[in-house]
Amino acid sequence: MNSKRNMLAYDRSSTGLWVALIFLVSLNLRPAIAAVGPVLAQMGTDLAWGEGVQGVLTAIPLIAFAVVSPLVTFLARRIGIDISILLALLCIAAGDFARSFGGGVGIWLGTVVFASAIAVGNVLVPVIAKRDYAGHVAMATGVYSGCITAGSATAGLLSAPLAQMWGGWRASLAFWSVPPLVVAVLWALRILHNRKIVVASAAVRNSPSAQSARSQSSRGVFARVLRRPMTWYVTAFMGLQSSAFYTMSNWMPSISASIGYDASTAGVHLFIFQGIGIFSGLLIPKLMNVRGNQVCAALTASAPMFIADLGMLLLPHLMPVWAFVGGCAQGASLVVALALIALRDRDSAETVVLSGVAQSFGYLIASLGPLMFGVLVQTTGGHHVPLMVFTFVAFLQCVVAVIVGRPSKM
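Below is a short write-up of the structure. Computed from a predicted structure; not experimentally measured. (Residues numbered from 1 in each chain as written. Predicted model: local features only at pLDDT ≥ 70, side-chain atom pairs only at ≥ 80, totals over all residues. Heavy atoms only, no water.)

### Things to note about the pattern of salt bridges
A side chain of one charge can pair with a side chain of the opposite charge if their charged atoms are brought near each other. Taken as a whole, this structure holds 2 salt bridges when the rule is applied. Residue Asp 82 is joined to Arg 190 by a salt bridge in which the shortest nitrogen-to-oxygen separation is 3.8 Å. Here the residue Asp 82 occupies a position in helix H7 (residues 81–101), and Arg 190 occupies one in helix H11 (residues 178–193), the gap between them amounting to 108 residues. A relative accessible area of 17% means that Asp 82 is categorised as buried. Of the residues examined, Arg 190 reaches a relative accessible area of 0% and is grouped as buried. With a shortest N-O distance of 2.9 Å, Arg 99 and Asp 96 are connected by a salt bridge. With Arg 99 and Asp 96 both in helix H7 and 3 residues apart, this pair spans about one turn of that helix. Assessed through its relative accessible area of 0%, Asp 96 is described here as buried. (Salt bridge = Lys/Arg side-chain N within 4 Å of Asp/Glu carboxyl O. Helix = DSSP H or I, 4+ residues; strand = E, 2+ residues; numbered from the N terminus. Buried < 20%, exposed > 50% of the residue type's maximum accessible area, 1.4 Å probe, protein only.)

Put into structure tokens, the structure is as follows:
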């Protein structure tokens, strides 16, 4: 019994303001990626890259998410969740800096480093939120996803002006290495605050019997989660909504520019798209339990993206309207996807596994979005065909939303 209490003490969150630090971590999980879209054309011109190569660059973070996400479980088990988050924050900062000032190799290597670090945060933040806010999972999901969206929107808005102010895209992108360093310091203080609890429980956690039990339990949980059809429905929803978000985040400024908007206005369109998601993400939890399921929430979150893609295809000059409508979808869809991870399991162990699986395969699906969009733009010489494809993808998300919203017996 004492051993069990020690384990629970180790897993329990801090109190007071220390608990809220997870939301500051969330703020740093998208700026490094979102800052690229508004300066992508500048990068292409400076480095003599075509749209296809630009598409590859924008797809790398999602491929890294897919590869790294299933490994996060082992990292967290090896060094602990808190240390994993600290390491991720430091790597985000290092990767950001390397991308800007590491030369040709640094652009690709830095992108892989910070994207891999973000993948760690992607998997562990929902786990920490469920653990620390067990009685308010939907609320906590709305807040931390709102923070993710806020960080993304801010980076998208400031990226082009900072590049103009500081003489190029390198300094603009390097700026986003500073915030994760600040939060890393605060997170290190949280770890020190929890040090007594960690030391008290270390002997129990590292005993041979405890390690053997964890190993057997982990294998059983992983196999059990993989066998469930719902795991793959959640994965499909995660992949489709992520594909829509990252494709539009990277290519919406180019679409706006092709219509005749200048770079700053195109950045404002991206800010609208990403910023309005903060509010839609905070509102969608109210629909998360209509008639005892999440169909209403998932479909309400998905339909606006279909409308926005269709609008950009047929009436592109109303881009501010479609940026707003699409933004309502992306913010709400992220909350629904993350909440489904927390709701479609029995305990925190299954949450970690489901989060890793859904984000790994989900982001692998999502990585095709920006890459395909860039290739189609280069192949067809315009945005019409790519928008047709992604209108169909948005329709598929609506179909999956109906399926994933109905809880299955576990």
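On we go from here.
### Here's the deal with the nonpolar core
General note: in soluble globular proteins, nonpolar side chains tend to be found buried as a group. The biggest cluster of nonpolar side chains holds 109 residues, and the ones touching the most others in it are Phe 65, Trp 187, Phe 237 and Val 336. With 14 residues, the top contributor of residues to this core is helix H17 (residues 319–343). Excluding its chain neighbours within four sequence positions, the residues that come into contact with Phe 237 are Ala 298, Ser 302, Ser 333, Val 336, Ala 337, Leu 340, Gln 397, Val 400, Ala 401 and Val 404. (Core = buried A, V, L, I, M, F, W, Y, C linked by side-chain atoms within 4.5 Å. Contact = heavy atoms within 4.5 Å.)

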